[in-house]
Amino acid sequence: MRILALVLALLLLPLAAFAELPVYPYETSGTLVAEHQSDTLWWRIERSKLDEVTIYLTKVCMAEPGRQIGKTTADWRENVQDTADLARKATEASLLINASGYVTKRYPEIPENYPGVSEDYYFTPLGSVTVSGGEVFRCLEDVPYYGLTVNTDGLRLHIGEHPLDVLEQQPRETFSFYVECPVIADYESILDPEWVFTTRRAMRNIICKMDEQNYLILTVSNRKKGGLTMQQCVDYLLESFRPEWAYNLDGGPSTALMYRDEKGKLHYVWKNSQENVDIMTFAD
């Protein structure tokens, strides 16, 4: 009897592990592009259209977002890198997107409240706090932080928080872009009507938190009309999904959506045309 009980227990182990991953609670739509499912990670990429523009919806469900969301970054103050090269470093990740904005000679603009000059920030991401792999690379104590962090419970959105308060939460990773990039908070739009991208069409990657284990990524191509405005994207997300929050990652020619198949081969769903400073990854 003991042997039989042990065999039954072993047979039930995969089911118990899979039970930790809830079913994604939002209905599927559009054409299936790719899908992945394991005991700890499920994602599905769907292609559809919004105002005649091709969009991709990536629905992600994780058992432990704080462990499974990661970052691969270019060399600090040395360069930006081809997104595929960054992706190849993240060997465990099955889903990958571009993430932070950055400062280079080509994109030298920094916020007025940053100390120093543009050259001080070349080949680094925007944001008053930069953490990679738990190591703090930047903390501008007099500059509020607008961006995302990866903490033990997953992604957190920060809107104008003091850098030291952000670091007290012991983030493992940070992602940041413009101060206007938090576009939805507490299930409502906080989109700045005066922001130039509110009404300018562009390619985009917007990540949304649905609940503690479920996230949604909206990737906008530039086919047909040259992309979508931020206002169109926010209206669509609120009407169709009503996320807890949404954050606009670096878009335009930086926009990239990639996945790995079961054999480990990297595929582009939407390919960026310029290098990036970091990417966000999702792994089992």
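Calculation rules
Residues numbered from 1 in each chain as written. Predicted model: local features only at pLDDT ≥ 70, side-chain atom pairs only at ≥ 80, totals over all residues. Heavy atoms only, no water. Buried < 20%, exposed > 50% of the residue type's maximum accessible area, 1.4 Å probe, protein only. Helix = DSSP H or I, 4+ residues; strand = E, 2+ residues; numbered from the N terminus. Arc of directions from axis to C-beta. Pairing = 2+ DSSP bridges. Lys, Arg positive; Asp, Glu negative; His and termini not counted. Salt bridge = Lys/Arg side-chain N within 4 Å of Asp/Glu carboxyl O. Polar contact = N/O pair within 3.5 Å; in protein donor to acceptor, adjacent residues only side chain to side chain. Patch = residues over 30% accessible without salt bridge, like charges linked within 9 Å, V, L, I, M, F, W, Y side chains within 5 Å. Areas by Shrake-Rupley, 256 points an atom, 1.4 Å probe, with all protein chains shown as cover. Charge placed at Lys NZ, Arg CZ, Asp CG, Glu CD. Axes fitted to C-alpha atoms, helices over the stretch in contact; angles between N-to-C directions.

Caption draft 1: Spatial organisation of helix H6 (residues 230-240). Those residues of H6 that fall on the buried side of the exposure criterion are Met230, Cys233, Val234, Tyr236 and Leu237. The buried side chains of H6 occupy one side of the element, clustering within an arc of 165° when seen end-on. At the C-terminal side of H6, Arg242 shows a positive phi close to 50°.

Caption draft 2: Inspection of the sheet that holds strand S14 (residues 188-189) at higher detail. Read from one edge to the other, the open sheet built from 8 strands follows the order S1-S2-S3-S16-S15-S17-S13-S14, with strand pairing classed as antiparallel. Each edge of the open sheet is held by one strand with a lone partner, namely strand S1 (31-37) and S14. Of the strand pairs in this sheet, strand S3 (residues 53-62) and strand S16 (residues 214-220) are connected by 7 bridges, and their pairing is antiparallel. Looking at S16, one finds that Ile55 is bridged to Val220.

Caption draft 3: Structural context of the side chain of Asp250. Relative to the helices and strands, Asp250 is located in the loop between strand S17 (245-249) and strand S18 (257-260). With no salt bridge to any partner, buried Asp250 finds its closest opposite charge in Arg204, at an N-O distance of 8.8 Å. A polar atom in the side chain of Asp250 sits 3.1 Å from the side chain of Ser254.

Caption draft 4: Spatial organisation of a positive patch on the surface. Where like charges cluster on the molecular surface, the positive patch consists of Arg47, Lys49, Arg223 and Lys224. According to the relative accessible area criterion, Arg223 is partly exposed, its value standing at 39%.

Caption draft 5: View of the sheet that holds S18. Read across the open sheet, the 5 strands follow the order S4-S20-S5-S18-S19; overall the sheet is antiparallel. Edge positions in the open sheet fall to strand S4 (69-73) and strand S19 (266-270), since each of these has one partner strand only. Between one strand and the next, the sheet's axes are offset by a mean angle of 25°, whatever the strand orientation. Examined bridge by bridge, S4 and strand S20 (residues 278-283) share 5 bridges and lie antiparallel to one another. Within the sheet, the bridge partner assigned to Thr72 lies in S20 and is Ile279.

Caption draft 6: Structural context of the environment of Asp186. Of note, Asp186 is situated in the loop between strand S13 (182-185) and S14. A C-alpha to C-alpha distance of 17 Å links Asp186 and Asp153, two positions 33 residues apart in sequence.

Caption draft 7: Quick peek at the pattern of salt bridges. Scanning all chains against the criterion turns up 11 salt bridges. The closest approach of N and O atoms between Arg201 and Asp51, which form a salt bridge, is 3.1 Å. On the criterion of sequence distance, the pair formed by Arg201 in the loop between S14 and strand S15 (204-209) and Asp51 in the loop between strand S2 (41-50) and S3 is long-range, its members being 150 residues apart. Of the residues examined, Arg201 reaches a relative accessible area of 31% and is grouped as partly exposed. Taking the shortest distance from any N to any O, the salt bridge between Glu173 and Arg172 comes out at 3.8 Å. Where salt bridges share partners, they join Glu35, Arg44, Glu46 and Lys59 into one cluster.

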